[in-house]
Amino acid sequence: MPVKKKTTKDSRVTMTELVLPNDTNTLNNLMGGKLMHWMDINTAIAAQKHSNRIVVTASADNISFGKPIALGDVVTLTANVTRSFNSSMEVYCEVWAENIPSGRKFKSNSAYFTFVAVDQSGRPIDVPELVPETPEEQEQYDGALRRRQLRLVLAKRMKPDEATELKSLFFES
């Protein structure tokens, strides 16, 4: 049976939310936990579109909150798979906020999530290969292996000396 291949655009997802009073803290800014919830949903949908499977969140990389998102702002989240491995997928999410009356729009943050596709019993299952089509997609794809190795080293699931892609950044062959 031939291995199915998919492109980045096959997994692309855009989600839009309006920041309502129930989403905010006492300073009338979007709560960080609510934004992380939206990011997790957005990236999970992208992973499901790529794998056509149930997916579970394995990790979320550094999520920093640079600029507050205010009550009444419109939040746009975009996500797409950057690379697939055996059963896991790295998904990139970008968050933009916009105050429509003032026309002010800014990038709030971005992060990488990792998802694992599972079968009905919860066991990992293979996912389609990702084929990058643009130079930007190729750059994300190439960096995904280094980011994966870093995650595995930090989780103590890979020995640092086995992280060949990471080592190649710092040492010449």
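Keep in mind it's a predicted model, so treat the numbers as computed, not measured. (Residues numbered from 1 in each chain as written. Predicted model: local features only at pLDDT ≥ 70, side-chain atom pairs only at ≥ 80, totals over all residues. Heavy atoms only, no water.)

## What about the nonpolar core?
What counts here: We call a set of buried residues a nonpolar core when its members are Ala, Val, Leu, Ile, Met, Phe, Trp, Tyr or Cys and they connect through side-chain atoms within 4.5 Å of each other. A 1.4 Å probe rolled over the protein chains alone gives each residue an accessible area, and that area as a share of the maximum for its type sets the label: buried under 20%, exposed over 50%, partly exposed in between. Every helix listed is a DSSP run of H or I at least four residues long, and every strand listed is a run of E at least two residues long, numbered separately from the N terminus. Contacts between residues were defined by any pair of non-hydrogen atoms, one from each residue, lying within 4.5 Å.
Membership of the largest hydrophobic core comes to 30 residues, with the highest contact counts inside it found for Leu35, Met39, Ile69, Val75 and Leu77. Looking at which element gives the most residues to this core, the answer is helix 1 (residues 32-51), with six residues. Residue contacts for Ile69: discarding those within four places in its chain leaves Val19, Asn28, Asn29, Leu30, Leu35, Val75, Val95, Ala97, Phe106 and Ser108. The next biggest cluster of nonpolar side chains, apart from the first, holds five residues, and it includes Leu152, Met158, Ala163 and Leu166.

## Some words on the pattern of salt bridges
This is how it is decided: By definition here, a salt bridge exists when the distance from a side-chain nitrogen of Lys or Arg to a carboxyl oxygen of Asp or Glu is within 4 Å.
Following the criterion strictly, the structure yields eight salt bridges and no others. In this structure, Glu137 and Arg12 form a salt bridge, with 3.7 Å as the shortest nitrogen-oxygen distance. Of this pair, Glu137 sits in helix 2 (residues 135-154) while Arg12 sits in the loop between strand 1 (5-7) and strand 2 (13-18), and the two are 125 residues apart along the sequence. When its relative accessible area of 39% is taken as the criterion, Arg12 is described as partly exposed. Of the charged contacts, one joins Arg151 and Asp61 as a salt bridge, the two residues approaching to 2.9 Å between their closest N and O atoms. Placement of the pair is Arg151 in helix 2 and Asp61 in the loop between strand 3 (54-60) and strand 4 (74-84), with a sequence separation of 90 residues. Take Arg151: its relative accessible area is 15%, and that puts it in the buried class. The network of salt bridges with common partners includes Asp61, Glu90, Arg147 and Arg151.

## Section: the UniProt feature "domain: HotDog ACOT-type" (unreviewed entry) in the chain
To keep it simple, the criterion reads: UniProt positions are given in the numbering used here, feature names are shortened, and annotations may be inferred rather than shown by experiment.
UniProt records the feature "domain: HotDog ACOT-type" (unreviewed entry) at residues 9-121, using the numbering of this structure. As annotated, residues 9-121 has a helix share of 18% and a strand share of 45%, and its two end C-alpha atoms lie 29 Å apart.

## Some details on the pairing of strand 4
Going by this rule: Pairing between two strands requires that DSSP report at least two bridges joining them.
Judged by how many residues are buried, strand 4 sits mostly within the fold: nine of eleven residues are covered. Direction of pairing for strand 2 relative to strand 4: antiparallel, over a ladder of six bridges. What sits directly across from Leu18, in strand 4, is Val74. Alignment of strand 4 against strand 5 (residues 88-99), held across ten bridges, turns out to be antiparallel. Across the sheet, Val81 pairs through a bridge with Val91, a residue of strand 5. Hairpin connection from strand 4 to strand 5: three residues lie between these consecutive antiparallel strands.

## Considering the sheet that holds strand 5
Under the convention used in this document: For helices, the fitted axis covers only the stretch in contact; all axes are lines through C-alpha atoms, and the angles between them, taken along N-to-C directions, range from 0 to 180 degrees.
Sheet architecture is open: five strands sit in the order 2-4-5-6-3, paired in antiparallel fashion. Each edge of the open sheet carries a strand with a single partner, namely strand 2 and strand 3. Across this sheet, the average inter-strand angle for adjacent strands is 30 degrees, counted without regard to direction. Relative to the sheet, helix 1 contacts strand 2, strand 3, strand 4, strand 5 and strand 6 (104-118), its axis offset from that of strand 4 by approximately 40 degrees. Packing of helix 2 onto the sheet brings it into contact with strand 3, strand 4, strand 5 and strand 6, and relative to strand 4 it is tilted by some 85 degrees.

## Section: helix 1
In plain terms, the rule: Between the first and last residue of a helix there are one fewer steps than residues, each counted as 1.5 Å, and that sum is the expected span.
Between its first and last C-alpha, helix 1 extends 28 Å over 20 residues, near the 28 Å set by a 1.5 Å rise per residue. In the stretch just after helix 1, Asn52 is the one whose phi turns positive, near 55 degrees.

## Regarding a nonpolar patch on the surface
To keep it simple, the criterion reads: Exposure above 30% relative accessible area and no salt bridge define the residues that can form patches, which grow by joining like charges within 9 Å and nonpolar side chains of Val, Leu, Ile, Met, Phe, Trp and Tyr within 5 Å. Method for areas: the Shrake-Rupley scheme with a 1.4 Å probe, in which residue coverage is limited to the protein chains shown.
A contiguous nonpolar patch, built from Leu169, Phe170 and Phe171 and spanning about 400 Å² of accessible area, is present on the exposed surface. Relative to the helices and strands, Phe171 is located in the segment after helix 3 (164-170).

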